[in-house]
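Topology and contacts: notes
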Amino acid sequence: MSNIKNIAVFTSGGDAPGMNAAIRAVVRAGLYYNLNMFGIGRGYDGMVHNDIFPMDAKSVANIIQRGGTILKTARSEEFRTTAGRKQAYDNLRARGIDALVAIGGDGTFTGAAKFIEEFDIPVIGLPGTIDNDLAGTDFTIGYDTAINTVIEAVDKIRDTAESHDRVFVVEVMGRDSGLIALRSGISVGAECVLIPEIKVDYEAMMARLDRTRKNKASRIIIVAEGDDAGGGFAVAERVKARFPHYDLRVSILGHIQRGGSPTCMDRVLASRLGVAAVEGLLNGRKGEMAGLIHGQVEFTPFSKAIKHISNINENLIRIVDILSI
Ligand code: F6P
């Protein structure tokens, strides 16, 4: 039998489509188990500044389909300080909050781990980031929507690229991770995909661009923003230096990748994990992230979840190589 009576949920770090579906699931699951539910505005910053309020079934009505986060999100400098975390804890205690659900990425879980270490408050994390760069879940909430946004945009770019016989360099998000670039690259039939996890082989890339010219009027190079090549414009410069006759354009997709209505996959993922977070807390779990591995809910300690996935699936790289001839 759990002593937990009052749970607060918050979102932190970069927003991701499906965060609202996760908030809804956490609040409704808590109410289902007769708990009192609270929201915290602007992540850790709201915790420090006492932006804490009760939530009921109605406060999460009609949000499952909405992008962004109704709780808002922020990066908090004050929460990084001991005094800030103490203030946050005092604010939570004043409301009788005895457990938290943190929705975010590695920064969110690093903060949560520190908070648990200092104040021993139960926290369960939900993976909310478009980057899909957390261990302990096959997919993060927001990733599927983001890659679908990318393919919708690049399909349109392909139309115009094909009409003009152009080469396009398209930069996608992923400061430390090439998972958006790789999966969307396969989906749009990109000729080259450059990701931070793999050192760019410019010779191979130029050779492929030259070779594929025979078969295709347009060529698309997908570059993850965090790639060591230095982003879309830097890659375009190198290509232009080698092939001055190419008609070349650059497109930086930017923050459109973070917005929009979540896909079915993200809504279901968020709903499953939201319920799992509340049930996990009631079962005495803390300091873990709820994720989905091979279709099953699994809990992974924050310390393991925040280790970026550096092992890119080699098979996906191979698919790009085989199919881009
Ligand atoms: O972590 C998600 C992410 O979208 C990264 O892919 C990107 O590099 C970063 O956030 C951008 O952050 P900001 O919105 O603060 O510029």
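Residues numbered from 1 in each chain as written. Predicted model: local features only at pLDDT ≥ 70, side-chain atom pairs only at ≥ 80, totals over all residues. Heavy atoms only, no water.

Oppositely charged side chains can form a pair if their charged atoms are brought close together. Summed over all chains, the structure comprises 18 salt bridges. The partner of Arg85 in a salt bridge is Glu118, and the shortest N-O contact between them spans 2.7 Å. Here Arg85, found in helix H3 (residues 82-94), pairs with Glu118, found in helix H4 (residues 106-119); they are 33 residues apart in sequence, far enough to count as distant. Accessibility expressed as a relative area gives 6% for Arg85, which makes it buried. The partly exposed category is assigned to Glu118, whose relative accessible area is 31%. Note that Lys286 is salt-bridged to Asp120, the shortest N-O span being 2.4 Å. With Lys286 in the loop between helix H9 (264-282) and strand S10 (288-293) and Asp120 in the loop between H4 and strand S5 (123-127), the pair connects residues that are 166 residues apart, well separated along the chain. If you follow the salt bridges from partner to partner, you end up with Arg42, Asp45 and Asp51 in one network. (Salt bridge = Lys/Arg side-chain N within 4 Å of Asp/Glu carboxyl O. Helix = DSSP H or I, 4+ residues; strand = E, 2+ residues; numbered from the N terminus. Buried < 20%, exposed > 50% of the residue type's maximum accessible area, 1.4 Å probe, protein only.)

Next up on the list: the domain arrangement of the protein. Under the domain assignment used here, the protein contains domain 1 (6-142 + 262-305) and domain 2 (143-258). Between domain 1 and domain 2, the C-alpha centre-to-centre distance is 34 Å. Listed by partner, the interface residues are 18 residues for domain 1 and 14 residues for domain 2. Each partner contributes to the roughly 1200 Å² buried at the junction of domain 1 and domain 2, and carbon and sulfur atoms together form 55% of this total. Our enumeration of links across domain 1 and domain 2 arrives at 1 salt bridge. With its nearest N and O atoms 2.7 Å apart, the salt bridge here joins Asp15 to Arg258. Counting the contacts that link domain 1 with domain 2 gives 9 residue pairs in polar contact (both at pLDDT 80 or more). A class-by-class count of the residues in the side of domain 1 that touches domain 2 yields 7 nonpolar, 6 polar and 5 charged. (Domains from an automatic or database assignment. Contact = heavy atoms within 4.5 Å. Buried area = accessible area lost by both parts, 1.4 Å probe. Polar contact = N/O pair within 3.5 Å; in protein donor to acceptor, adjacent residues only side chain to side chain. Nonpolar A, V, L, I, M, F, W, Y, C, P; charged D, E, K, R; others polar.)

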